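Given next are the chains, with one letter for each unit.
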Amino acid sequence: MKTELVIVGGGPAGLAAAVAAYDAGIRDILILERDTALGGILQQCIHNGFGLHRFGEELTGPEYAARYIDEVEKRAIPHMLETMVLSVENKVVTAMNKTRGIFSIEAQAIVLAMGCRERPRGALNIPGTRPAGIYTAGTAQRFVNMEGYMPGKEVVILGSGDIGLIMARRMTLEGAKVKAVCELMPYSGGLNRNIVQCLQDFDIPLMLSHTVSRIEGTDRVTGVYIAEVDEKLSVKPETEQYIPCDTLLLSCGLLPENELTKGAKIPLDPITGGASVNENRQTATDGVFACGNVLHVHDLVDFVSEEAALAGISAAQYIQEGAKASSRSLSVSASGKVRYTVPQRIDHTDKAVRVFFRVGSVVDNAVLTVKCGETVLMTKKKRRMAPGEMESFEIPVSVLEKADGNLTVCVE
């Protein structure tokens, strides 16, 4: 089986990439999705707040997904559901489903859009037994919003990522008592609007620099011990306090779903956990692109769609024109309070490049600096930045032309 463009993943990134590639002139497109429906994680996100940037209106997750599903259907872009991709190698995608068994697809270009997964309890090393009542926040969200089950009645949430904050509100609205949201870091990992709307509006305490130190219970969670942590994030035993509860939700970070990328021997960025890409979202392998949460975890799905559209257009251009030669390539690295940048390299300096980044801690009244060696190429003032919110800036062509080496993005 041969196809011009294969898109792995039918969530918001995969759908946006498919629509953009089609509109750029590619008609032979195939979307592969392992779930029973298109739309990805958005189908269980029934709260509003999506689409403000992309559509200029406030939508729920299913409504946002439906916009792109409709666009895919209008263009009659083929897709296979309940199809698991097993490997990606040399632009050959091997997949399986219950009707075709194991099959291979030869593609001219591939867009990786597999999304991300939650960090499980096993990665957190919390002492205690293994009772029922411990869920990731996303699993609890699916139970409540799609399956119609309540995970519990008395809840403690560990981690203040956006999913955890949203589930604090959701559980409260369904009649549960959320006793505390504990956050290991001295700042929240979620958007400020979610802190206000999901915690403060419901008088749910946010306990910064706190973690769950022990879990109590044999058959079912009966309570947890929470404690303060010091500057090295080590538990301070003398601060331990017991909170009775029957449910512990974990919202401790998202991990890009990059097993296929690793199998394809595509280099990953050690900070983002996603592929290292250029300004067109092309990985180190020609013709293989990555976008959305499989590349780096976004805070807004609107930005996922924007990035996926860029990847889809770039994949279309690759199919139509082949690999575009680069006269020079600039690496882009993070420094100071900047944790990472995307893209990690700029292969073509004939157009402005938007760089996305996150800081490692809350920063007020800072100056963003782009350097080439010791030479300052541009600066930009930033009033406030937080780890939970992705930042971006544009490097104009005039600045790229001045760079004769690698670029460093720094916040001081």
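Residues numbered from 1 in each chain as written. Predicted model: local features only at pLDDT ≥ 70, side-chain atom pairs only at ≥ 80, totals over all residues. Heavy atoms only, no water.

Novice: Sorry, what's going on with the overall build of the chain here?
Specialist: Helices and strands together make up the secondary structure of the chain, namely 8 helices and 25 strands. On C-alpha atoms alone, the chain measures out to a radius of gyration of 22 Å, which is about the 22 Å that the 2.2 N^0.38 rule sets for 412 residues. In terms of overall dimensions, the chain has a C-alpha envelope of 65 × 60 × 40 Å along the principal axes. Taken across its 412 residues, the chain has 53% of its residues classed as buried. Across the chain, every contact between residues at least 6 apart in sequence was considered, and the portion connecting residues at least 24 apart equals 61%. With the model as given, the accessible surface of the chain reaches about 18,300 Å², and the carbon-plus-sulfur share is 48%. (Helix = DSSP H or I, 4+ residues; strand = E, 2+ residues; numbered from the N terminus. Rg over C-alpha atoms; globule rule 2.2 N^0.38 Å. Buried < 20%, exposed > 50% of the residue type's maximum accessible area, 1.4 Å probe, protein only. Contact = heavy atoms within 4.5 Å. Areas by Shrake-Rupley, 256 points an atom, 1.4 Å probe, with all protein chains shown as cover.)

Novice: What's the story with the sheet that holds strand 13 (residues 223-228) in this structure? I'm lost.
Specialist: Note: strands within a sheet are paired through backbone hydrogen bonds, in either parallel or antiparallel orientation. The strand order 12-13-14 describes an open sheet built from 3 strands, whose pairing is antiparallel. The sheet terminates laterally at strand 12 (210-216) and strand 14 (241-244), the two strands that pair on one side only. Going across the sheet, the axis of each strand differs from the next one's by a mean of 30°, ignoring polarity. Relative to strand 14, strand 13 runs antiparallel, the two sharing 4 bridges. Following the sheet pairing, Gly223 is matched in strand 14 by Pro244. (Pairing = 2+ DSSP bridges. Axes fitted to C-alpha atoms, helices over the stretch in contact; angles between N-to-C directions.)

Novice: Any chance you could explain the sheet that holds strand 22 (residues 363-372) here in plain terms?
Specialist: Ordered in space as 20-18-25-22-23, the 5 strands form an open sheet in which the pairing is mixed. Either end of the sheet is taken by a strand with one partner, and the two such strands are strand 20 (345-346) and strand 23 (375-385). For strand 18 (residues 330-336) and strand 25 (residues 407-411), the ladder comprises 5 bridges, and the chain directions are parallel. Each bridged residue has a counterpart across the sheet, and for Gly336 the counterpart in strand 25 is Val411.

Novice: Help me understand helix 2 (residues 61-74), please; the structure alone is not making it clear to me.
Specialist: Because the α-helix completes a turn every 3.6 residues, residues three or four places apart line up on one side. Taking 1.5 Å per residue, 14 residues should reach 20 Å; helix 2 reaches 20 Å between its end C-alpha atoms and fits that length. Within helix 2 the residues assigned to the buried category are Gly61, Tyr64, Ala65, Tyr68, Ile69 and Val72. For helix 2, the arc enclosing every buried residue in end-on projection is 135°, short of the 170-degree limit, so these residues lie on one face. Immediately downstream of helix 2, the backbone of Ala76 shows phi near 55°, a positive value. (Expected span 1.5 Å × (residues − 1). Arc of directions from axis to C-beta.)

Novice: Help me understand the nonpolar core in this model?
Specialist: A general tendency of soluble globular proteins is for nonpolar side chains to be buried together. Among the nonpolar cores identified, the biggest contains 37 residues, and Leu5, Ile7, Ile29, Ile31 and Val111 are the most heavily contacted of them. Elements supplying a minimum of two residues to this core: strand 1 (2-8), helix 1 (12-23), strand 2 (29-32), helix 2, strand 6 (101-112) and helix 7 (301-321). Counting 30 residues, the second largest nonpolar core, distinct from the first, contains Val6, Met80, Val288 and Leu300. (Core = buried A, V, L, I, M, F, W, Y, C linked by side-chain atoms within 4.5 Å.)

Novice: In this structure, what is going on with helix 7? I would like to understand it.
Specialist: Over its 21 residues, helix 7 runs 30 Å from end to end, which matches the ideal 30 Å to within 8%, given 1.5 Å per residue. With 15 of 21 residues buried, helix 7 is to be regarded as a mostly interior element.

Novice: What is the right way to look at the pattern of salt bridges in this model?
Specialist: Note that side chains of opposite charge can pair when their charged atoms are close. This structure, assessed with the given rule, holds 19 salt bridges. Across the pair Lys179 and Glu154 runs a salt bridge whose closest N-O atoms are separated by 3.5 Å. Taken as a pair, Lys179 in strand 10 (residues 177-183) and Glu154 in strand 9 (residues 154-158) lie far apart in primary sequence, 25 residues in all. Take Lys179: its relative accessible area is 24%, and that puts it in the partly exposed class. On the accessibility criterion, Glu154 (34% relative accessible area) is partly exposed. Arg170 is the salt-bridge partner of Glu174, the closest N and O atoms lying 2.9 Å from each other. Each member of the salt-bridge network shares a partner with another, and the members are Asp23, Glu71, Lys74 and Arg75. (Salt bridge = Lys/Arg side-chain N within 4 Å of Asp/Glu carboxyl O.)

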